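For reference, the chains in residue letters:
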Amino acid sequence: MEQKYAHALRKLAEGGIAPQDAVAAVARALEARGRGGLLSRVGKAFARLAVRAARRKRKTLIVARESDAAAARAASGFAEAETIIDDSLIGGWRLEEGDTLTDASYKKYLLDMYNRATRA
Amino acid sequence: MDTTIIEKVMREIEGYTPKAETEHVGRVMAVGDGVVAIEGLAKGVLGEVIVFDEQGGKHLKDALGHESKLFGLILNLEEDSVRAAVLGDTARVREGTIVSSTGQILSVPSGDELLGRVVNALGAPVDDKGPFKNPTMMPVEREAAGVIYRKSVSVPLATGIVAIDAMIPIGRGQRELIIGDRGTGKTTIAIDTILTQKNEPEEKRPICIYVAIGQKESKTARIKQELMEKGAMEYTIIVDAPASAPAALQFLAPFAGVAIGEFFMDRGQDVLIIYDDLSKQAVAYRQLSLLLRRPPGREAYPGDIFYLHSRLLERACRLSEEKGGGSITALPIIETQEGDVSAYIPTNVISITDGQIFLDASLFNKGLRPAIDVGISVSRVGSSAQTKAMKAVAGGIKLELAQFRELEAFMQFAQDLDKATAERIASGQRMVELLKQRNGEPLPVEKQVALLHAANRRFFAEVPIARVREAAAAFISFADDAHASALADIKRTGLLSDESKQSLDKAGEEFRLAHSDFFTT
């Protein structure tokens, strides 16, 4: 239930209504339905939505070691991406941007090769 | 290491061109009870297959040799997330697991190599005969054939059960519901129908698909064993979604079964598919729908429960000659509680199908087996799905039995009955005895015709009621030995010619002389 209200709050905010007015509108709607106590949970749900939305906009470049980062940035074309180190990639890079994942890691190549060699 | 593997790896390395692959992904937010909530996958499509990346974050040596890929099926599209059913072990999914879309609708393998095999709801073999080599993939969800591509049902599908073939005939392409309480012989009728197909010439024999939904694995194993022992597995495929399988697989199993059947139908072959049973599928779908937070309706079933069964059963049909003339005959099974056919799911499926065979627990307990309540059982296709021979002998049976049921109440006053009524009751009792059959012993249609012809000639009128079944079995055996040509003629032509009638009458006279001990009243 609180998620629906959180979505409504987000839509109000995205629609150009001032944040304090949007919160007041949702609070009034909750009070009118006798659900005033739900407001704090709506706030938490809204915070989760905001975190998810921010994560979706974030560009993350994952590399196996720090020294690969510069080359990976050049290869992926995302110079401004946040960089994370994950040694399980072995080499290469992996770029996450919203719902899109571009995988150019050695781990992926090796797994593909293994699967093709063993299943063929 | 095996040199062939080394060679393969060398070839792979030599021919490999590394390229960055872009995928459309989401991330698991929550998982539980076979359902996952996924953030992202904004371009996900309803019914699309997704794959869980279980190797994410693992080092290569841990990721190698992992068991087969874990798939899911998108069932809900929400504002900023999707919900999907896990088609496998939910314990393998973690919060944060990356999920990739495949852009494909769920499909299952089909083809001749599936014959004699047991597969799960995803079409993967679950017997010990290894993987399929070159199957054809068939979509699990497919629109049913339209009106102009259909033909009316006119070719009979023998069940081997006299009461059904004579009074509730089933045609190829028909949907006939088998309904009754638990333990009343619903599965037995379905299995006997599969066994009976062995009597059909190979070119006309339907491919049989038995879909076990929410059944005990021991029961499915027993059925497979019986079909194997009687040589019926060679034209049968078993789709098994046992009670221990996730609800998603139990919900998908009938669709997988019909998808497998459509391959053969598209090829112009006839298919018989048994859904054992759709009550359990409805329960699995209810569980899944509630976990997906869809609004519950009557008996907590979701609003689209009717559509679930109607879209499944509409795929059973007989195609026109232009489309190859193949057919799918569906025998869905529904389990009732205390004989209540007016419950939600039974009434839904009754209204979708072209008739129902109602099995009555009280008849079963009285020893009348198969416990078919002829009064409320019906086939809407009717006699157009009977051979002329069967039509000729079966015409009056339903009426005779109905009259007998009316008079049955007076039996307790037997001494006060007039002669005509007493004779009608005795005749009805003999007919009831003739319609009794043991399980696993279906009777070919030509033998049914011979038996009913004899009954119409009042051949068993002088046999004590307690010995009617024994006499009938002996007569069939006698006719099969001494007058095999008459039976073969009925089987070949589907007609009861004058010569065949004379031959059967003669068989009756010879039988009477040879087995005079039966005729003592």
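Only a predicted model underlies this, so the values are computations on that prediction, with no experimental measurement involved. All residue numbers refer to position in the chain's written sequence, counted from 1. Following the order in which they are written, the chains are lettered starting with A and the ligands numbered starting with 1. Per-residue local features are limited, in this predicted model, to residues with pLDDT of at least 70; the limit for side-chain atom pairs, both in listing and counting, is 80 or more; totals at the level of whole chains, interfaces and linings are taken over all residues.

Let's talk about helix α7 (residues 278-291) of chain B
All names here are of chain B.
Alright, step 1. Here a helix means four or more residues in a row that DSSP labels H or I, a strand means two or more in a row labelled E, and each is numbered from the N terminus. In this analysis, the expected span of each helix is defined as 1.5 Å times one less than the number of residues it contains. Spanning 14 residues, α7 covers 20 Å between terminal C-alpha atoms, matching the ideal 20 Å at 1.5 Å per step.
Alright, step 2. With 11 of its 14 residues buried, α7 lies for the most part within the structure.
Alright, step 3. Exposure criterion: with C-beta atoms placed from backbone coordinates, a residue whose C-beta has 20 or more other C-beta atoms within 10 Å is buried, one with 12 or fewer is exposed, and one in between is partly exposed. Listed in full, the buried residues belonging to α7 are L278, S279, K280, Q281, A282, V283, A284, Y285, R286, L288 and S289.

Comments concerning the pairing of strand β1 (residues 59-63) of chain A
Residue and element names in this part refer to chain A.
Alright, step 1. Two strands pair under a simple rule: DSSP has to find at least two bridges between them. Across 5 bridges, β1 lies against strand β3 (residues 92-97) in antiparallel orientation. Residue pairing for β3: I62 is matched across the bridge by R94.
Alright, step 2. Relative to strand β2 (residues 82-85), β1 runs parallel, the two being bridged by 4 bridges. Bridge pairing links L61 to T83 in β2.
Alright, step 3. Every crossover in which the path from the first strand over the helix to the second runs clockwise, viewed with the strands pointing away from the viewer, is termed right-handed. Regarding topology, helix α4 (residues 69-76) serves as the crossover connection from β1 to the parallel β2, and that connection is right-handed.

Structural notes on the pairing of strand β3 (residues 48-53) of chain B
Residues and elements named next belong to chain B.
Alright, step 1. Taking burial as the measure, the 6 residues of β3 include 5 buried ones, the bulk of the element.
Alright, step 2. In this structure, β3 lies alongside strand β6 (residues 98-105), joined through 5 bridges in antiparallel fashion. Within β6, the residue paired with E48 across the bridge is I105.
Alright, step 3. With 4 bridges connecting them, β3 and strand β4 (residues 70-77) associate as antiparallel partners. In the sheet register, F52 faces β4, and the bridge partner there is L70.

Remarks on the interface of chain B and chain A
Alright, step 1. Each residue gets a C-beta atom placed from its backbone, and two residues are in contact if those atoms lie within 7 Å. Across the boundary between the two partners, chain B contributes 28 residues, which contact 19 residues of chain A.
Alright, step 2. Of all elements in the fold, only α1 (3-15), β1 (21-32), β2 (35-40) and α2 (60-63) of chain B reach the threshold of two or more residues within the side of chain B that touches chain A.
Alright, step 3. Among the elements that line the side of chain B that touches chain A, the one with the most residues is β1(B), at 6 residues.
Alright, step 4. Polar here means any residue other than Ala, Val, Leu, Ile, Met, Phe, Trp, Tyr, Cys and Pro, which are nonpolar, and Asp, Glu, Lys and Arg, which are charged; Gly is therefore polar. Taken together, the residues that form the side of chain B that touches chain A break down as 12 nonpolar, 7 polar and 9 charged.
Alright, step 5. Sheet topology places strand β4 (residues 100-105) of chain A next to β1(B); 4 bridges connect them, and they run antiparallel. By the bridge assignment for β1(B), T102(A) is matched with T22(B).

Regarding the packing of helix α1 (residues 2-14) of chain A against helix α2 (residues 19-32) of chain A
Residue and element names in this part refer to chain A.
Alright, step 1. Interaxial distance between α1 and α2 falls to 9 Å at its minimum, and their mutual angle equals 145 degrees. Taken as a pair, α1 and α2 cross one another with a handedness that is right-handed. Counted together, Y5, A8, L9, L12 and A13 of α1 and P19, A22, V23, A25, V26 and L30 of α2 form the full contact between these two elements.
Alright, step 2. Here the residues of the contact of α1 with α2 are counted per class, giving 11 nonpolar, no polar and no charged. In this analysis, axes come from line fits to C-alpha atoms, helices being fitted only over the stretch in contact, and the angle between any two N-to-C directions falls in the range 0 to 180 degrees. Each crossing is labelled by how the near helix is turned from the far one, with a counterclockwise turn of less than a right angle marking it left-handed and a clockwise turn marking it right-handed.

Some points on the domain arrangement of chain A
Alright, step 1. For the domain bounds, the source is a domain assignment made automatically or taken from a database. Domain annotation for chain A reports domain 1 (2-57) and domain 2 (59-119).
Alright, step 2. Here the C-alpha centre of domain 2 of chain A lies 36 Å away from the C-alpha centre of domain 1 of chain A.

A word on the environment of I376(B)
Alright, step 1. Positionally, I376(B) belongs in the loop between α10 (361-365) and β16 (378-379).
Alright, step 2. Among the residues examined, I376(B) registers 12 C-beta atoms within 10 Å and is labelled exposed.

Points about the nonpolar core
Alright, step 1. The nonpolar core is taken to be a set of buried Ala, Val, Leu, Ile, Met, Phe, Trp, Tyr and Cys residues joined by way of C-beta atoms within 7 Å. By size, the foremost hydrophobic cluster in this structure holds 148 residues, and its most contacted members are I209(B), V211(B), V239(B), A248(B), A256(B), I260(B) and I273(B).
Alright, step 2. Considering each element in turn, this core owes the most residues, 14 residues, to helix α6 (residues 247-266) of chain B.
Alright, step 3. Dropping the residues within four chain positions of it, I209(B) is found in contact with I237(B), V239(B), G257(B), I260(B), G261(B), V271(B) and I273(B).
Alright, step 4. Membership of the second largest hydrophobic core comes to 10 residues, among which are L61(A), V63(A), A72(A) and W93(A).

Structural notes on the environment of A473(B)
All names here are of chain B.
Alright, step 1. Here A473 lies in helix α15 (residues 468-482).
Alright, step 2. Since 15 C-beta atoms lie within 10 Å of it, A473 is described here as partly exposed.
Alright, step 3. In this structure the C-alpha to C-alpha distance between A473 and L451, which are 22 residues apart in sequence, comes to 8.9 Å.

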